[in-house]
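Structural description and commentary
Chain by chain, the residues:
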Amino acid sequence: MRHSLTLGEIVAWRAEIEKLPAEAVRVLGIAGLERNEHATGWDRPFVMPSPNMPAYETALVYPGGCLVEGTNLSEGRGTTRPFELVGAPWLDGVRLAHELQALSFPGFRARPVTFLPTFQKHAGRLCGGVQIHVTDARTFRPMATYLGLLALAHAQDPVRFVFRTEKYEFRDDVPAFDLLTGDAEARERIARGERADDVAEAAAAVDDADRSIVAEAVEAGSVRRV
(Lines give C-alpha, C1' and ligand atoms only; values in the text may rest on other atoms or scores of the structure.)
Protein backbone atom coordinates (compact mmCIF):
# COMPACT_ATOMS: atom_id res chain seq x y z
CA MET A 1 0.00 0.00 0.00
CA ARG A 2 2.93 2.32 0.74
CA HIS A 3 6.20 1.22 -0.82
CA SER A 4 8.26 4.27 0.27
CA LEU A 5 10.20 4.33 -3.00
CA THR A 6 10.74 7.35 -5.21
CA LEU A 7 9.76 6.90 -8.85
CA GLY A 8 13.44 6.63 -9.78
CA GLU A 9 13.99 3.93 -7.18
CA ILE A 10 11.04 1.93 -8.47
CA VAL A 11 12.59 1.99 -11.96
CA ALA A 12 16.03 1.08 -10.63
CA TRP A 13 14.67 -1.71 -8.44
CA ARG A 14 12.74 -3.27 -11.31
CA ALA A 15 15.75 -2.92 -13.59
CA GLU A 16 17.75 -4.88 -11.02
CA ILE A 17 15.07 -7.56 -10.69
CA GLU A 18 14.63 -7.90 -14.46
CA LYS A 19 18.38 -7.95 -15.11
CA LEU A 20 18.37 -5.02 -17.49
CA PRO A 21 21.83 -3.93 -18.71
CA ALA A 22 23.41 -1.25 -16.52
CA GLU A 23 23.49 1.28 -19.35
CA ALA A 24 19.74 0.95 -19.89
CA VAL A 25 18.78 2.83 -16.74
CA ARG A 26 20.27 5.87 -15.08
CA VAL A 27 18.63 7.31 -11.98
CA LEU A 28 19.50 10.81 -10.84
CA GLY A 29 19.83 11.32 -7.13
CA ILE A 30 17.88 14.01 -5.32
CA ALA A 31 19.98 16.52 -3.43
CA GLY A 32 18.77 17.07 0.11
CA LEU A 33 16.28 14.21 0.19
CA GLU A 34 15.73 13.10 3.78
CA ARG A 35 13.78 9.84 4.06
CA ASN A 36 12.62 10.52 7.59
CA GLU A 37 10.92 13.77 6.61
CA HIS A 38 7.20 13.96 5.96
CA ALA A 39 5.75 16.38 3.41
CA THR A 40 5.45 19.01 6.10
CA GLY A 41 9.24 19.09 6.40
CA TRP A 42 9.82 20.03 2.78
CA ASP A 43 8.73 23.65 3.14
CA ARG A 44 6.24 23.26 0.32
CA PRO A 45 2.47 23.84 0.33
CA PHE A 46 0.20 20.81 0.09
CA VAL A 47 -1.38 20.75 -3.37
CA MET A 48 -4.59 18.73 -3.65
CA PRO A 49 -4.08 15.79 -6.06
CA SER A 50 -7.86 15.24 -5.97
CA PRO A 51 -10.95 17.06 -4.64
CA ASN A 52 -11.25 14.18 -2.16
CA MET A 53 -7.65 14.58 -0.98
CA PRO A 54 -7.99 18.10 0.39
CA ALA A 55 -5.32 18.12 3.10
CA TYR A 56 -2.07 16.61 4.28
CA GLU A 57 -4.04 14.78 6.98
CA THR A 58 -6.12 13.09 4.28
CA ALA A 59 -2.97 11.68 2.73
CA LEU A 60 -1.93 10.19 6.08
CA VAL A 61 -5.12 8.16 6.46
CA TYR A 62 -5.76 7.37 2.79
CA PRO A 63 -3.79 4.08 2.55
CA GLY A 64 -6.32 2.65 4.99
CA GLY A 65 -9.25 4.95 4.33
CA CYS A 66 -9.44 3.91 0.69
CA LEU A 67 -10.47 0.42 1.84
CA VAL A 68 -13.84 1.81 2.94
CA GLU A 69 -14.65 2.31 -0.74
CA GLY A 70 -14.98 -1.46 -1.01
CA THR A 71 -17.91 -1.47 1.43
CA ASN A 72 -21.28 0.26 1.76
CA LEU A 73 -19.98 2.49 4.55
CA SER A 74 -19.47 6.15 3.73
CA GLU A 75 -15.81 7.08 3.47
CA GLY A 76 -16.74 10.71 4.04
CA ARG A 77 -17.15 11.73 0.41
CA GLY A 78 -19.61 14.58 0.39
CA THR A 79 -18.02 16.07 3.52
CA THR A 80 -15.00 18.32 4.01
CA ARG A 81 -12.98 15.50 5.64
CA PRO A 82 -13.15 12.52 3.26
CA PHE A 83 -11.40 9.31 4.41
CA GLU A 84 -10.96 10.71 7.91
CA LEU A 85 -14.72 10.33 8.44
CA VAL A 86 -16.24 6.85 8.20
CA GLY A 87 -19.78 5.88 9.02
CA ALA A 88 -23.26 4.69 8.09
CA PRO A 89 -26.82 5.44 9.24
CA TRP A 90 -26.94 2.29 11.39
CA LEU A 91 -23.54 2.59 13.10
CA ASP A 92 -23.06 3.46 16.76
CA GLY A 93 -20.13 5.86 16.57
CA VAL A 94 -19.50 5.97 20.31
CA ARG A 95 -19.21 2.19 20.49
CA LEU A 96 -17.09 2.06 17.33
CA ALA A 97 -14.66 4.70 18.61
CA HIS A 98 -14.31 2.98 21.98
CA GLU A 99 -13.71 -0.47 20.47
CA LEU A 100 -11.31 0.83 17.84
CA GLN A 101 -9.23 2.68 20.41
CA ALA A 102 -9.13 -0.49 22.52
CA LEU A 103 -7.26 -2.32 19.73
CA SER A 104 -4.18 -0.37 20.85
CA PHE A 105 -2.87 0.48 17.41
CA PRO A 106 -0.57 3.49 17.71
CA GLY A 107 -0.60 7.04 16.42
CA PHE A 108 -4.27 8.03 16.29
CA ARG A 109 -7.40 8.94 18.18
CA ALA A 110 -10.87 7.82 17.11
CA ARG A 111 -13.54 10.44 17.81
CA PRO A 112 -17.24 9.51 17.63
CA VAL A 113 -19.12 11.73 15.19
CA THR A 114 -22.31 12.11 13.23
CA PHE A 115 -22.11 13.56 9.73
CA LEU A 116 -24.36 14.20 6.75
CA PRO A 117 -22.84 13.40 3.34
CA THR A 118 -24.02 15.78 0.63
CA PHE A 119 -23.38 13.30 -2.20
CA GLN A 120 -22.48 9.68 -2.95
CA LYS A 121 -23.04 7.02 -0.25
CA HIS A 122 -25.89 7.81 2.16
CA ALA A 123 -26.28 11.32 0.75
CA GLY A 124 -28.66 13.35 2.89
CA ARG A 125 -28.79 10.71 5.63
CA LEU A 126 -27.31 11.21 9.08
CA CYS A 127 -24.43 8.78 9.60
CA GLY A 128 -22.93 7.63 12.87
CA GLY A 129 -19.26 6.81 12.84
CA VAL A 130 -15.81 8.05 13.70
CA GLN A 131 -13.23 10.57 12.64
CA ILE A 132 -9.65 9.34 12.65
CA HIS A 133 -7.21 11.94 13.99
CA VAL A 134 -3.56 11.04 13.37
CA THR A 135 -1.50 12.01 16.41
CA ASP A 136 1.82 10.48 15.34
CA ALA A 137 2.32 10.05 11.62
CA ARG A 138 5.46 8.00 12.12
CA THR A 139 3.82 5.24 14.13
CA PHE A 140 0.31 5.36 12.68
CA ARG A 141 -0.61 2.20 10.74
CA PRO A 142 -3.39 3.25 8.37
CA MET A 143 -4.15 -0.12 6.79
CA ALA A 144 -4.22 -2.03 10.09
CA THR A 145 -6.28 0.70 11.76
CA TYR A 146 -8.92 0.83 9.03
CA LEU A 147 -9.10 -2.95 8.70
CA GLY A 148 -9.79 -3.06 12.42
CA LEU A 149 -12.40 -0.33 12.01
CA LEU A 150 -14.18 -2.24 9.24
CA ALA A 151 -14.13 -5.50 11.17
CA LEU A 152 -15.70 -3.72 14.15
CA ALA A 153 -18.33 -2.07 11.94
CA HIS A 154 -19.18 -5.46 10.45
CA ALA A 155 -19.49 -6.94 13.94
CA GLN A 156 -22.00 -4.23 14.90
CA ASP A 157 -24.37 -5.25 12.12
CA PRO A 158 -23.29 -8.15 9.87
CA VAL A 159 -26.54 -7.89 7.91
CA ARG A 160 -26.44 -4.22 6.96
CA PHE A 161 -22.66 -4.09 6.51
CA VAL A 162 -22.08 -5.12 2.88
CA PHE A 163 -19.02 -5.50 0.67
CA ARG A 164 -19.54 -3.86 -2.72
CA THR A 165 -20.21 -6.15 -5.65
CA GLU A 166 -20.85 -3.64 -8.44
CA LYS A 167 -18.19 -2.66 -10.97
CA TYR A 168 -15.23 -0.88 -9.40
CA GLU A 169 -12.22 0.58 -11.20
CA PHE A 170 -13.48 -0.96 -14.47
CA ARG A 171 -13.62 -4.48 -12.96
CA ASP A 172 -16.75 -6.47 -12.20
CA ASP A 173 -15.15 -9.90 -11.85
CA VAL A 174 -13.38 -9.20 -8.55
CA PRO A 175 -14.93 -7.63 -5.42
CA ALA A 176 -13.80 -4.05 -4.94
CA PHE A 177 -12.38 -4.85 -1.52
CA ASP A 178 -10.18 -7.59 -2.97
CA LEU A 179 -8.84 -5.18 -5.59
CA LEU A 180 -7.95 -2.72 -2.86
CA THR A 181 -6.31 -5.19 -0.49
CA GLY A 182 -4.74 -7.40 -3.16
CA ASP A 183 -6.59 -10.62 -2.42
CA ALA A 184 -9.65 -12.06 -0.67
CA GLU A 185 -8.06 -12.73 2.73
CA ALA A 186 -9.12 -9.60 4.63
CA ARG A 187 -12.66 -9.64 3.22
CA GLU A 188 -13.15 -13.30 4.06
CA ARG A 189 -11.79 -12.86 7.58
CA ILE A 190 -14.13 -9.94 8.23
CA ALA A 191 -17.09 -11.83 6.77
CA ARG A 192 -16.34 -14.79 9.05
CA GLY A 193 -16.54 -12.48 12.03
CA GLU A 194 -12.93 -12.91 13.15
CA ARG A 195 -11.61 -10.64 15.89
CA ALA A 196 -10.82 -7.16 14.60
CA ASP A 197 -7.23 -7.15 15.84
CA ASP A 198 -6.60 -10.58 14.29
CA VAL A 199 -7.98 -9.39 10.94
CA ALA A 200 -5.82 -6.28 11.02
CA GLU A 201 -2.61 -7.99 12.04
CA ALA A 202 -2.99 -10.83 9.55
CA ALA A 203 -3.82 -8.69 6.53
CA ALA A 204 -1.62 -5.69 7.32
CA ALA A 205 1.49 -7.48 8.54
CA VAL A 206 4.73 -5.82 7.49
CA ASP A 207 7.19 -8.29 6.04
CA ASP A 208 10.83 -7.67 6.87
CA ALA A 209 11.56 -8.24 3.18
CA ASP A 210 9.37 -5.28 2.32
CA ARG A 211 11.35 -3.08 4.70
CA SER A 212 14.60 -3.88 2.92
CA ILE A 213 13.55 -3.04 -0.63
CA VAL A 214 14.81 0.53 -0.45
CA ALA A 215 18.05 -0.39 1.32
CA GLU A 216 18.82 -3.16 -1.15
CA ALA A 217 18.13 -0.95 -4.15
CA VAL A 218 20.50 1.72 -2.90
CA GLU A 219 23.23 -0.50 -1.46
CA ALA A 220 23.34 -2.75 -4.52
CA GLY A 221 24.11 0.30 -6.62
CA SER A 222 20.95 0.03 -8.69
CA VAL A 223 20.18 3.60 -7.66
CA ARG A 224 23.08 5.35 -9.34
CA ARG A 225 23.63 8.90 -8.17
CA VAL A 226 25.17 11.32 -10.64
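In what follows, the accompanying structure is described. (Residues numbered from 1 in each chain as written. Predicted model: local features only at pLDDT ≥ 70, side-chain atom pairs only at ≥ 80, totals over all residues. Heavy atoms only, no water.)

Digging into the sheet that holds strand E1 (residues 85–88)
Read from one edge of the open sheet, three strands run E1-E3-E2, paired in antiparallel fashion. The sheet is open, and its two borders are formed by E1 and strand E2 (108–115), each paired with just one other strand. Taken pair by pair, the neighbouring strands of this sheet meet at an average axis angle of 25°, ignoring direction. Sheet analysis places E2 next to strand E3 (residues 127–134), joined by eight bridges and oriented antiparallel. Within the sheet, the bridge partner assigned to Ala110 lies in E3 and is Ile132. (Pairing = 2+ DSSP bridges. Helix = DSSP H or I, 4+ residues; strand = E, 2+ residues; numbered from the N terminus. Axes fitted to C-alpha atoms, helices over the stretch in contact; angles between N-to-C directions.)

Observations concerning the environment of Arg35
Examined against the element boundaries, Arg35 turns out to sit in the loop between helix H1 (7–17) and helix H2 (56–65). Placed 30 residues apart in sequence, Arg35 and Leu5 show a C-alpha to C-alpha distance of 9.6 Å.

What to know about the packing of aromatic side chains
In this structure the tally under the stated criterion is four aromatic pairs. Measuring from ring centre to ring centre gives 5.3 Å for Phe161 and Phe163, while their planes differ by 80°; the resulting arrangement is edge-to-face. By relative accessible area, which is 14% here, Phe163 ends up buried. Three or more aromatic residues joined by ring pairs make a cluster, and in this case those are Phe161, Phe163 and Phe177. Positioned above the aromatic ring of Trp13, the side-chain terminus of Arg14 is 5.1 Å from the ring centre. (Phe/Tyr/Trp six-rings, centres within 6.5 Å; stacked < 30°, edge-to-face > 60°. Buried < 20%, exposed > 50% of the residue type's maximum accessible area, 1.4 Å probe, protein only. Lys NZ or Arg CZ within 6 Å of the ring centre and 35° of its normal.)

Structural notes on the packing of H2 against helix H4 (residues 142–156)
Relative to each other, H2 and H4 sit at 55°, their axes nearing to 7 Å. For the element pair H2 / H4, the angle class is oblique. Of the two elements, H2 crosses H4, and the hand of that crossing is right-handed. The residues of H4 that touch H2, namely those facing Leu60, Val61, Pro63, Gly64 and Gly65, are Pro142, Met143 and Tyr146. Of the residues assigned to the contact of H2 with H4, the class counts are six nonpolar, two polar and no charged. (Parallel < 35°, antiparallel > 145°, perpendicular 65-115°, else oblique. Left-handed = near helix turned anticlockwise from the far one by under 90°. Contact = heavy atoms within 4.5 Å. Nonpolar A, V, L, I, M, F, W, Y, C, P; charged D, E, K, R; others polar.)

Some details on the side chain of Arg77
Mapped onto the fold, Arg77 is located in the loop between H2 and E1. A polar side-chain atom of Arg77 sits 2.5 Å from a polar atom in the side chain of Glu69. A polar side-chain atom of Arg77 sits 3.0 Å from a polar atom in the side chain of Glu75. In this view, Arg77 contacts Asn52, Glu69, Pro82, Phe83, Pro117, Phe119 and Gln120; residues no more than four positions away in its chain are not counted. (Polar contact = N/O pair within 3.5 Å; in protein donor to acceptor, adjacent residues only side chain to side chain.)

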